[in-house]
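Results of the structural survey
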Amino acid sequence: MNLDPNTDLTFTRRLNAPRSLLWECWTTPEHIKHFFMPKPHSIDSCEIELRVGGRFNTVMNIDGNQIPNEGVFLEIVDGRRLVFTDTYSEGWKPAADPFMTAIIEFEDDDKGGTTYTATVWHRSPEARHTHEEMGFFEGWGTVAAQLEEYANRLG
């Protein structure tokens, strides 16, 4: 994947959980609620229609404020790759103020775990900068750690 340092953010981490279980967590609404927001924030609701063009909608709870986020899946490679965006909502309706496209990749590692990569594309250098200043690396890193912990409780 070609990354543009002006608009893209990415990190890779090894998670001590099998790829299939991490995939299940990422593609099941009830599981998303347990890891997708850094605590103490939370996901109050999640809707997933796992197909290209299908919805990926969440309602985030940040300090008691309900923040709806509607998006769609752009690419799904079963067990390996999810690409979703808030640029469109279901029915390919353009968003008024899109923020990002996220790519989540899962690869088996040689120790029974998973190499987990989260990449986010932004529409402008300013949007990328805003996301980095909001704490992209810390926040998405926390989400990865919460995902690993949650998956291990399931598995």
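Some thoughts on the sheet that holds strand β10 (residues 114–121)
Read across the sheet, five strands follow the order β1-β10-β9-β6-β5 without closing on themselves; strand pairing throughout is antiparallel. Strand pairing shows two members of the sheet lacking a second neighbour, β1 (8–15) and β5 (72–77), which therefore form its edges. Looking at each pair of strands side by side, their axes are set apart by 10° on average, direction ignored. Bridge count between β1 and β10: eight bridges; the pairing is antiparallel. The residue of β10 that forms the bridge with Arg 14 is Thr 115. Packing against the sheet, helix α4 (residues 136–154) makes contact with β1, β9 (101–108) and β10, and its axis sits at approximately 30° to β1.

Here's the deal with the packing of helix α1 (residues 19–26) against α4
Contact geometry for α1 and α4: axes closest at 10 Å, N-to-C directions at 110°. If you check the angle between α1 and α4, you find them roughly perpendicular. The segment α1 lies against α4, with Leu 21, Leu 22, Cys 25 and Trp 26 engaging Leu 147, Tyr 150, Ala 151 and Leu 154. Among the residues forming the contact of α1 with α4, the class breakdown is eight nonpolar, no polar and no charged.

Considering the sheet that holds strand β2 (residues 42–48)
In space, the three strands of this open sheet follow the order β2-β3-β4, with antiparallel pairing throughout. Taken across any chain shown, the strands that pair with only one partner, and hence form the sheet edges, are β2 and β4 (65–69). Ignoring which end each strand starts from, the neighbouring axes of this sheet average 15° apart. With five bridges connecting them, strand β3 (residues 56–62) and β4 associate as antiparallel partners. Opposite Asn 61, over in β4, you have Gln 66 as the bridge partner.

What about α4?
Over its 19 residues, α4 runs 26 Å from end to end, which matches the ideal 27 Å to within 8%, given 1.5 Å per residue. Turning to α4, its buried residues are Phe 136, Gly 139, Trp 140, Gly 141, Val 143, Ala 144, Gln 146, Leu 147, Tyr 150 and Ala 151. Along its buried surface, α4 packs onto β1, α1, α2 (29–32), β9, β10 and α3 (125–134).

Some words on the packing of aromatic side chains
As enumerated under the stated definition, the model contains 14 aromatic pairs in all. On the numbers, 6.4 Å between centres and 75° between planes, the contact of Phe 73 with Phe 84 is edge-to-face. Of this pair, Phe 73 sits in strand β5 while Phe 84 sits in strand β6 (residues 81–85), and the two are 11 residues apart along the sequence. Here Phe 73 matches Phe 84 in class, with each residue buried. Among the aromatic side chains, those forming a connected cluster through ring pairs are Phe 11, Trp 23, Phe 106, Tyr 116, Phe 136, Phe 137 and Trp 140.

Reading guide: rules and limits
- Residues numbered from 1 in each chain as written.
- Predicted model: local features only at pLDDT ≥ 70, side-chain atom pairs only at ≥ 80, totals over all residues.
- Heavy atoms only, no water.
- Pairing = 2+ DSSP bridges.
- Helix = DSSP H or I, 4+ residues; strand = E, 2+ residues; numbered from the N terminus.
- Axes fitted to C-alpha atoms, helices over the stretch in contact; angles between N-to-C directions.
- Contact = heavy atoms within 4.5 Å.
- Parallel < 35°, antiparallel > 145°, perpendicular 65-115°, else oblique.
- Nonpolar A, V, L, I, M, F, W, Y, C, P; charged D, E, K, R; others polar.
- Expected span 1.5 Å × (residues − 1).
- Buried < 20%, exposed > 50% of the residue type's maximum accessible area, 1.4 Å probe, protein only.
- Phe/Tyr/Trp six-rings, centres within 6.5 Å; stacked < 30°, edge-to-face > 60°.

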